Amino acid sequence: MTPRPAAAPPHVPAAARPDGGPPRVFAFGGLAGGRPHLPAAESLTAWSCLAPALAPGNSAVAFISDHDGSPRVWIQSLQGDAETWAVDTGPQPAVDVSWAPTGTHLAVLVAPGGGEHTQVWTVQPHGGDLRLLSAPAGGSAGVVRWTGRGETLLVTETSSTGLAQAVLIDAVTGGRQVIAAGPLLKPVAISRDHVTMLLRRGPRGRRRMFVADLAAEALGAHVPSGERPLLPGLPGTTDDGALSPDGRIAYLVSDAGRDRAALLAVRDGAEPVVLAERRDAELDRLALSADGSRALLVWNVHGRSELDVMELESGELRHLPPPPATVITSARIGWDGTLAALAAESPQEPSHVLLCDLDPGDHWTGYLHAAGAGPLPTAAGAELVRFRARDGLELAAWLHRPPHTRGPAPYVLFLHGGPEDQERPTFNPLYQNLLAAGIGVFAPNVRGSGGYGRAFRQADDRERRFDAVHDVADCVAELVRLGAADPSRLACMGWSYGGYLTLATLVAHPRLFRAGVTVSGIADFATFYARAEPWIAAAAVGEYGHPDTDRELLHALSPLHALDRLAAPLLVVHGAQDTNVPLYEAEQVIEAATALGRPCDHLVFQDEGHEIRRIGNRISYVTKVTDWLAHHLRVPR
């Protein structure tokens, strides 16, 4: 990118304000809905923009938006007309989109029924030529990336038995070539000549990266020849990476042999070299330019995002100014390497698209707003709280105080999923509606959470899971010590693993909370292992224990077997299409609680999976939870 004048260059949306003024917000039209009596109703229908990808030449940006009720593909022109249009990929929710290097096709990841089994489709940018490329029967397909050679996609396919394979698919002819297969396998990158592949194997938290030589004589057996491990023998996990276009250098995001994820490079099988690391942060995301000369690094600093640009040939590292959002959830460099498309959000603003100038110089244009609903004027922020658990381990939480409240207030402890996910200061319509109803939110990162190093992430493995339950009780003690919460009006709530942890805490500390809400949570590890998808179950063994050799431990960890200790009313929320944590987990809790005479309400979405993707369902979910908690926490309405 050459130095440019202060006026917007061709690849910058005309509505952006490079002079530093407030950006114009692209609105795709209003969406009716929500309950008008809720003070935070606007947050229920606030649409988001996710997974942005730049067109070749930076002429447009494609992204996923749910502004008209269901996530689908939209394109925003970045030229003078600033035109916006939807791309028809059918009625099913879209999850991700990426642009072919030729600019003639988009690859779209679609989730039929809102579930977890995804399919890969291609479509032209203005619609038409919609093709199904990959949809394994009973399984799932995912786009890894365009390879940069013609219109070839690197795709991962997982069967109903959990066997995964890496496939090269020609988006024009539909031709397929299987290049690797195995359990818990994911292709990560491939060289432009399709000779070298970066391949990930293993369960979450213990993943290993390999370089595979795709010799022609080995492809018939689907077993790459010359496969060699990178960072062998080192404890930790390598979750992401990239290859130089010629395949000679592997760039790895890894905490192998260290506590926090850093950027490492391995050249032609030599010893790894640390290119960038921080003692106060983990490397969260890596994006590599198509020519391999530049990398964008996104750091996770106590939940907030910071960005660096590295010139890989010289090793020069440039720190970018703070982005105008607290968390970057997606980062991709455009095909020419001069511009990056970011998905960004904050507690006060839903996910939106930012463009980031990657070139140095006096004419750096900074961050430019490309698409999004804009900040909500009534949305509340969050503050970081750090404190000690009973055994001295430092914990952190995001405190969302209800506005216009004096003295101790009712609070909800919200527990995130994973368990290696992390609570971060992002936009959450549920939080905004709880706050508007006078209910505060305390969202902690108990042991086992990501973002704080490998030792902290592994501190809840197996029998140490009980310590994470005690962390929840210690969060209550801190919240009361701060003078924020009324100890007689507390609720516990969580999603996915957080739903499990909510149930476990409610039975371990039955008098601590007045109410509980579990969303998509595990109740019994035996039934979870028996009914979850094979790859999900296999990936969970290191976290919880083996279903055969650790039966007693898993029985003790399962809250379903101690539900007679439940004292608080319970609300159970689940998606019928959930194959990560099957609906049976919720059905067991409802049946057992009802049989015991415990108050138990439920909300089941027939067209959702492990997540709630549709705005209409989000409205129902947030409204139900807010009203239900307000009733049980005795909040005047």
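Residues numbered from 1 in each chain as written. Predicted model: local features only at pLDDT ≥ 70, side-chain atom pairs only at ≥ 80, totals over all residues. Heavy atoms only, no water.

Q: Account for the sheet that holds strand S6 (residues 106-110), naming residues and giving values.
A: Taken in spatial order, the four strands of this open sheet run S5-S6-S7-S8, and their pairing is antiparallel. With one partner strand each, in any of the chains shown, strand S5 (94-99) and strand S8 (131-134) form the two edges of the open sheet. This sheet shows a mean twist of 30 degrees between the axes of neighbouring strands, independent of strand direction. Relative to S8, strand S7 (residues 119-123) runs antiparallel, the two sharing three bridges. (Pairing = 2+ DSSP bridges. Helix = DSSP H or I, 4+ residues; strand = E, 2+ residues; numbered from the N terminus. Axes fitted to C-alpha atoms, helices over the stretch in contact; angles between N-to-C directions.)

Q: So what's going on with the pairing of strand S10 (residues 152-158)? Residues and values would help.
A: Burial of S10 is extensive: seven of the seven residues sit out of reach of the surface. Of the two faces of S10, the one carrying Thr 152, Leu 154, Thr 156 and Thr 158 and the one carrying Leu 153, Val 155 and Glu 157 are both buried. Relative to S10, strand S9 (residues 140-146) runs antiparallel, the two sharing six bridges. Bridge pairing in S10 places Ala 141 opposite Glu 157. The turn joining S9 and S10, which pair antiparallel and follow one another in sequence, is formed by five residues; a positive phi near 90 degrees is taken by Gly 148. Note that S10 and strand S11 (residues 163-170) share seven bridges and pair antiparallel. For Leu 154, the partnering residue across the bridge sits in S11 and is Leu 168. Counted along the chain from S10 to the antiparallel partner S11, the turn is four residues long, and its residue Gly 162 has a positive phi close to 95 degrees. (Buried < 20%, exposed > 50% of the residue type's maximum accessible area, 1.4 Å probe, protein only.)

Q: So what's going on with helix H11 (residues 615-632)? Residues and values would help.
A: Compared with the 26 Å implied by 1.5 Å per residue over 18 residues, the 26 Å span of H11 between its first and last C-alpha is a close match. Downstream of H11 by a residue or two, Arg 634 has a phi angle that is positive, lying close to 55 degrees. (Expected span 1.5 Å × (residues − 1).)

Q: Lay out the packing of helix H5 (residues 465-481) against helix H6 (residues 497-508) with the relevant residues and their values.
A: Running from N to C, H5 and H6 cross one another at 75 degrees; their axes reach a closest spacing of 9 Å. Between H5 and H6, the angle falls in the class roughly perpendicular. For the pair formed by H5 and H6, the contact residues are Arg 465, Ala 468, Val 469 and Val 472 on the first element and Tyr 497, Tyr 500, Leu 501, Ala 504, Thr 505 and Ala 508 on the second. Class assignment of the residues belonging to the contact of H5 with H6 gives a composition of eight nonpolar, one polar and one charged. (Parallel < 35°, antiparallel > 145°, perpendicular 65-115°, else oblique. Contact = heavy atoms within 4.5 Å. Nonpolar A, V, L, I, M, F, W, Y, C, P; charged D, E, K, R; others polar.)

Q: I'd love a proper account of the pattern of salt bridges, names of residues and values included.
A: Using the criterion set out here, one finds 34 salt bridges in the structure. With its nearest N and O atoms 2.9 Å apart, the salt bridge here joins Arg 131 to Asp 129. The partly exposed category is assigned to Arg 131, whose relative accessible area is 30%. As a salt-bridge pair, Arg 457 and Asp 255 come within 3.0 Å of each other at their nearest N and O atoms. Of this pair, Arg 457 sits in helix H4 (residues 454-457) while Asp 255 sits in the loop between strand S18 (249-254) and strand S19 (262-267), placing them 202 residues apart in sequence. Just as Arg 457 is buried, Asp 255 falls in that class too. Salt bridges here are not isolated pairs; linked through shared partners, they connect Arg 294, Glu 311, Glu 316, Arg 318 and Asp 359. (Salt bridge = Lys/Arg side-chain N within 4 Å of Asp/Glu carboxyl O.)

Q: So what's going on with the sheet that holds strand S32 (residues 440-445)? Which residues, and what values?
A: In a beta sheet, neighbouring strands are held together by backbone hydrogen bonds and run either parallel or antiparallel to one another. Strand order in the open sheet formed by eight strands is S29-S30-S32-S31-S33-S34-S35-S36, with mixed pairing between adjacent strands. Bordering the open sheet on either side are strand S29 (383-388) and strand S36 (600-605), each of which pairs with just one other strand. Pairwise comparison of adjacent strand axes, ignoring direction, gives a mean angle of 20 degrees for this sheet. Across four bridges, the pairing between strand S34 (residues 515-519) and strand S35 (residues 570-575) is parallel. When the bridges of S35 are listed, Thr 518 appears paired with Val 572.

Q: Go over empty space enclosed by the protein, please, and point to the residues and values.
A: By the definition in use, this model includes four cavities of 30 Å³ or more. Within this model, the second largest cavity holds a volume of roughly 50 Å³. Of the residues contributing to the lining of the second largest cavity, the split by class is no nonpolar, two polar and five charged. (1 Å grid on protein atoms, 1.4 Å probe; cavity = no way out; pocket = protein on both sides within 12 Å on 5 of 7 lines; lining within 4 Å. Points joined across faces, edges and corners; volume = space filled by probe spheres on them.)

Q: Before we move on, could you go through unusual backbone geometry and cite the residues and values that matter?
A: Going from Gly 418 to Pro 419, the amide bond is cis rather than trans, its omega being 10 degrees. With respect to the element layout, Pro 419 can be found in the loop between strand S31 (409-415) and helix H3 (429-436). Even without being a glycine, Asp 129 presents a positive backbone phi close to 55 degrees. Within the fold, Asp 129 resides in the loop between S7 and S8.

Q: Can you tell me about the side chain of Ser 520, naming the residues and giving the values?
A: When you line up the elements, Ser 520 lands in the loop between S34 and helix H7 (525-531). Residue class for Ser 520 comes out buried when judged on its relative accessible area of 2%.

Q: Outline the nonpolar core, listing residues and values.
A: Counting residues in hydrophobic clusters, the biggest one holds 58 residues, and the most contacted among them are Tyr 411, Phe 442, Leu 479, Leu 501, Phe 525 and Phe 528. When residues of this core are assigned to their parent elements, the largest contribution, seven residues, is made by H6. Ignoring any residue separated from it by four or fewer positions in sequence, one finds Leu 479 in contact with Leu 399, Tyr 411, Leu 413, Phe 442, Ala 484, Ala 485 and Leu 490. By size, the runner-up hydrophobic cluster in this structure holds 28 residues, among which are Phe 605, Val 622, Trp 628 and Leu 633. (Core = buried A, V, L, I, M, F, W, Y, C linked by side-chain atoms within 4.5 Å.)

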